[in-house]
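Okay, here's what each chain looks like letter by letter:
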Amino acid sequence: MSNAIRAFTMPKWGMEMDEGTVQEWLVAEGDAVAAGQAIVLVETDKIVNEVEVDHAGVVRRLVAEAGENYPVGALLAVIADAEVPDAEIDRFVAGAAAEARPGEARAADADEPRRTDSGKAVDRAVSPKGRELAERLGIALDTVTGTGRKGRITLQDVEQVAKRQGLLDADGDSSPAERIQLSGRQRTAARRLAKAKQDIPHFYLDRKLDVERLVAFRAERKAAGEAATINDYLVRACAVALGRVPEVNAQFQGEELWRFSSANIAVAMQLGDGLLTPVVHGADRLSAAEIGAAVRELHAAAEANRLRGEDLQGATFTVSNLGMHGVDRFSAIVNPPAVAILAVGRLTADVVAVDGEPAVRSVLQVTLSCDHRVVDGVLGARFLAALDEVIQAPASLDP
């Protein structure tokens, strides 16, 4: 293996990362690149980062396809000197493919060369999506003619064979169901939520909050030009309540409980390709207006795929609000390593007791999901009571 040929592989960011999605190549084959130049966007663990090349050279081969998932360490591209023969690049790529599948027999290797009737070897590399479709439909890859680079079998090649065999219709459907590949964000959210639900003993506490005073206070501030929303005030109120009940402002780390003096509150956001929970750090030191500005900035960064790792880490509590979607009440899954999450329903009018007399007020139905290993029923009730007390004195929400 020549020192002039260098592998560009899927990086590993953090202990939990085991795969990434190649979102977009920033270079093309044949481009000269400098050391430290970003050449690809990789999505993993809910964020998208640029990946830089370590050495200068020429992009001789883009092995990975945009939109495909690859494990950490997988060969994504080959960087080499311009004078290195193509045959050496081919051997380098083939060797990397063989190392990635150490347990498979070479005779059954789908990326091994096949031979024509004349005996000439032809590259039989198969795109991951093409291989997946062929396996699902039971199509033998040796019956597929590759039209990709050096005879590589593409997804479209497999689809054409499937259509001729009646396994797909003209639109490429094998069943009435639409097949959608999950994005990196969706896979990460699915994995984390499933693990959280399995590992954390959840229980739930409901409370109806009288927010009449908060709504009036926010209307006054809005008339004065302040852009904070009711949700921004709720995040601020949770930060104050966590200061009064610090046992809930915590993380469960292994066999230890970590309690924090500062409230770092994650705010659940639904984007087009998954759920994100970016963190407003130090929410207890911010006004509702400052929290609102921080949330808008995080949302814009999330939509542009420019969130930093630290924007998604360090949460000690989470707020999830579906009220703007017309949901009256719901229960959320705890966002580990935090030990509680507040689910907020829509603003409604209801009859509540005010000074012992029934009155129609603006109310919110909230549900506190708790990790029972840390937060018991009494502790959760104390937090909700503290939250209610804070909301009844909205002027106190300014730090």
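You'll find the structure just up there.
Thresholds, definitions, all that
- Residues numbered from 1 in each chain as written.
- Predicted model: local features only at pLDDT ≥ 70, side-chain atom pairs only at ≥ 80, totals over all residues.
- Heavy atoms only, no water.
- Pairing = 2+ DSSP bridges.
- Helix = DSSP H or I, 4+ residues; strand = E, 2+ residues; numbered from the N terminus.
- Axes fitted to C-alpha atoms, helices over the stretch in contact; angles between N-to-C directions.
- Parallel < 35°, antiparallel > 145°, perpendicular 65-115°, else oblique.
- Left-handed = near helix turned anticlockwise from the far one by under 90°.
- Contact = heavy atoms within 4.5 Å.
- Buried < 20%, exposed > 50% of the residue type's maximum accessible area, 1.4 Å probe, protein only.
- Core = buried A, V, L, I, M, F, W, Y, C linked by side-chain atoms within 4.5 Å.

**Details of the pairing of strand 20 (residues 357-371)**
Looking along a regular strand, one sees the side chains alternate between the two faces of the sheet. Pairing of strand 11 (residues 202-210) with strand 20 involves 9 bridges; the strand directions are antiparallel. Looking across to strand 20, one finds that Asp210 is bridged to Val363. As judged from the 13 bridges shared by strand 19 (residues 340-354) and strand 20, these two strands associate in the antiparallel manner. Bridged to Thr348 within strand 20 is Val363. If you look at the hairpin formed by strand 19 and strand 20, you'll find 2 residues sitting between the two strands, and Asp355 has a positive phi there, around 55 degrees.

**Thoughts on the packing of helix 6 (residues 230-244) against helix 7 (residues 288-303)**
Taken N-terminus to C-terminus, the directions of helix 6 and helix 7 make an angle of 110 degrees; their axes are 8 Å apart at the nearest point. It follows that helix 6 is roughly perpendicular to helix 7 by the angle criterion. Crossing of helix 6 against helix 7: the hand is right-handed. Across the interface between the two elements, Asp232, Tyr233, Val235 and Arg236 of helix 6 pack against Ala288, Ile291, Gly292 and Val295 of helix 7.

**Looking at the sheet that holds strand 5 (residues 47-52)**
Pairing within the open sheet is antiparallel, and its 4 strands lie in the order 5-4-2-7. Each edge of the open sheet carries a strand with a single partner, namely strand 5 and strand 7 (69-71). Here the strands of the sheet are splayed against their neighbours by 40 degrees on average, with no regard to which way each runs. Where strand 2 (residues 19-25) lies against strand 4 (residues 38-44), 4 bridges are found, and the strand directions are antiparallel. Note that in strand 4 the partner of Thr21 across the bridge is Glu43.

**Concerning the packing of helix 6 against helix 8 (residues 377-391)**
Relative to each other, helix 6 and helix 8 sit at 125 degrees, their axes nearing to 8 Å. Comparing their axes, helix 8 and helix 6 come out oblique. As for how helix 6 packs across helix 8, the hand of that crossing is right-handed. Seen from helix 6, the contacting residues are Leu234, Ala237, Cys238, Val240, Ala241, Leu242 and Arg244; seen from helix 8, they are Phe383, Ala386, Leu387, Glu389, Val390 and Ile391.

**Focus: helix 3 (residues 155-164)**
In an α-helix, one turn spans 3.6 residues, which is why side chains three or four residues apart end up on the same side. Along helix 3, the residues that are buried comprise Asp157, Val158, Glu159, Val161 and Ala162. Buried positions along helix 3 lie against helix 2 (128-137). Downstream of helix 3 by one or two residues, Gly166 has phi in the positive range, about 75 degrees.

**Here we look at the nonpolar core**
Ile265, Phe317, Leu342, Leu368, Phe383 and Leu387 are the most contacted members of the largest nonpolar core, which has 57 residues in total. Of the residues forming this core, the biggest block, 10 residues, is contributed by helix 6. For Ile265, the residues in contact, after removing those within four places along its chain, are Val235, Cys238, Ala239, Leu242, Pro278, Val279, Val280, Ala283, Phe317 and Val319. Grouped together as the second largest cluster of nonpolar side chains are 19 residues, Trp25, Val33, Val53 and Ala74 included.

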